[in-house]
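# Residue-level structure breakdown
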Amino acid sequence: MHIGDTGLASPETDYAGATAQATKIQEQIASNSRRADMLDEQYLKAQRAVTVANRRITATQQQISVIEARARRLRDRLRSRAALLYMGAGNSDPIGVDAASVQDLGSMAQYAAAAASRDGRLLDDLKRADAQLNSQHDTLDGQLAAAQDQERAAESSRREVAHINATMQKLLDSTSANVRVLVAKIEQQGLAAAAAAERAWLQRLAAQQASRRAHARDGDAAAPIPGDVGAAPGNLPAPTVGALAAVAYARAQLGKPYAYAGVGPDAFDCSGLTMMAWAQGGVSMAHGSQAQYDAFPHVPIDQLQPGDLVFFGTSGPTNHHVGIVVGPGIMIDAPHTGAYVQLVSYFRPDLVLVGGRP
């Protein structure tokens, strides 16, 4: 037996094993987090669709109530006319003829013709009202079915996200404290590496764009480079005073835990944090990163200001994550289950090349 061969793992071996375990856990968390983000977006989108459908249902029900009231009035008038004609306008003659002269009979004939015309219009109005009621009931049935489909879609996404988040939390809870520390460390190292790579890519892109613009000034026109982050829209709004309040609120939430669909005050998801932050700045926005992307003017990455929103996704403008800018390259983010609201770089491989300015 060699000296020092005790059969026990060395500290270096222990550290290597823990690091390998932590790396595997962090990869699982990152993958689950991306999936949960996308499902969270589906859930929030379905919830908004349910809200819209319910508003339409309410409006249709109100229209049905109005038409039903009108139909009741028409039926009441027709019943009154039928009773009046049957009773002979108060006389015992069921035909309603009680004339002392031919002149009176002629007068009553004219009245009867006029009455028949009016009764015909009442019947036509009632038929139209009944047709409108049938149409509105068909519309209502369709709206109710659509709302039920959307509710089922939302519930399905909610259950799947809850399962993913529970799995991630169980994974974290089952690891030792030192491995959890390593998981966080590896995640931060990954973010730092991604930030460095993204900055380098943007610098190369900016250099290419500068070269293209210089050639264009010299008369050597070239096709624009897709994703020209240096070209600001002419109508780009200036940052508002509300941005200060939004950033201040976001900073005050640092260290609070992530929670699926969380909107505070104790826990947040990504779009719940940005929504509540900008509520302090006087801006109302939907809960959902895609809805927030769609709601506001877009700002090139190189012109972001504190309070602007940055988005993350896998294809073009479609995104599933959002953070709030607090400085050059830095955002406040509610990342995923098991993590906390934190200051991190927004330079990531899935960064969408335009932000949003509420």
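Above this note sits the structure.
As the structure is a prediction and not an experimental result, all values here were calculated from the model. (Residues numbered from 1 in each chain as written. Predicted model: local features only at pLDDT ≥ 70, side-chain atom pairs only at ≥ 80, totals over all residues. Heavy atoms only, no water.)

## What to know about the overall build of the protein chain
In terms of helices and strands, the protein chain carries six helices and six strands. In the protein chain, the order of α-helices and β-strands from amino to carboxyl end is α-α-α-α-α-α-β-β-β-β-β-β. Out of the 358 residues belonging to the protein chain, those deemed buried represent 37%. A separation of at least 24 residues holds for 69% of the contacts in the protein chain among residues at least 6 apart in sequence. Surface summary for the protein chain: the accessible area is close to 19800 Å², and the carbon and sulfur share equals 57%. (Helix = DSSP H or I, 4+ residues; strand = E, 2+ residues; numbered from the N terminus. Buried < 20%, exposed > 50% of the residue type's maximum accessible area, 1.4 Å probe, protein only. Contact = heavy atoms within 4.5 Å. Areas by Shrake-Rupley, 256 points an atom, 1.4 Å probe, with all protein chains shown as cover.)

## Re the side chain of Gln292
Position of Gln292 relative to the elements: it lies in helix H6 (residues 289-295). Using a relative accessible area of 0% as the deciding quantity, one classes Gln292 as buried. In this structure the side chain of Gln292 is engaged in a polar contact, spanning 3.0 Å, whose partner is the backbone oxygen of Ala286. Apart from residues no more than four positions distant in its own chain, Gln292 is found in contact with Ser271, Thr274, Met275, Met285, Ala286, His287, Leu309, Phe311 and Val322. (Polar contact = N/O pair within 3.5 Å; in protein donor to acceptor, adjacent residues only side chain to side chain.)

## Let's talk about the environment of Arg159
Positionally, Arg159 belongs in helix H2 (residues 102-173). For Arg159, a relative accessible area of 48% puts it in the partly exposed group. When the C-alpha atoms of Arg159 and Tyr43 are compared, they prove to be 9.6 Å apart, with 116 residues separating the residues in sequence.

## Quick look at unusual backbone geometry
A cis geometry characterises the amide bond from Gly264 onward to Pro265, with omega recorded as 0°. Residue placement: Pro265 occurs in the loop between helix H4 (242-252) and helix H5 (270-280). Its identity is not glycine, yet Ala261 carries a phi of approximately 60°, on the positive side.

## So, the pattern of salt bridges
Counted by the stated rule, this structure contains four salt bridges. For Arg159, the salt bridge is made with Glu155, and the minimal N-O distance between the two is 3.5 Å. Taken together, the positions of Arg159 and Glu155, both in helix H2 and four residues apart, correspond to about one turn of that helix. Judged by relative accessible area, Glu155 falls into the partly exposed class, the value being 31%. (Salt bridge = Lys/Arg side-chain N within 4 Å of Asp/Glu carboxyl O.)

## Quick look at H5
Counting along an α-helix, one turn takes 3.6 residues, and residues three or four places apart therefore face a common direction. When you tally the buried positions in H5, you get eight out of 11 residues, the bulk of the element. Burial in H5 covers these residues: Cys270, Ser271, Gly272, Leu273, Thr274, Met275, Ala277 and Trp278. Among the residues trailing H5, Gly282 stands out with phi positive, at a value near 85°.

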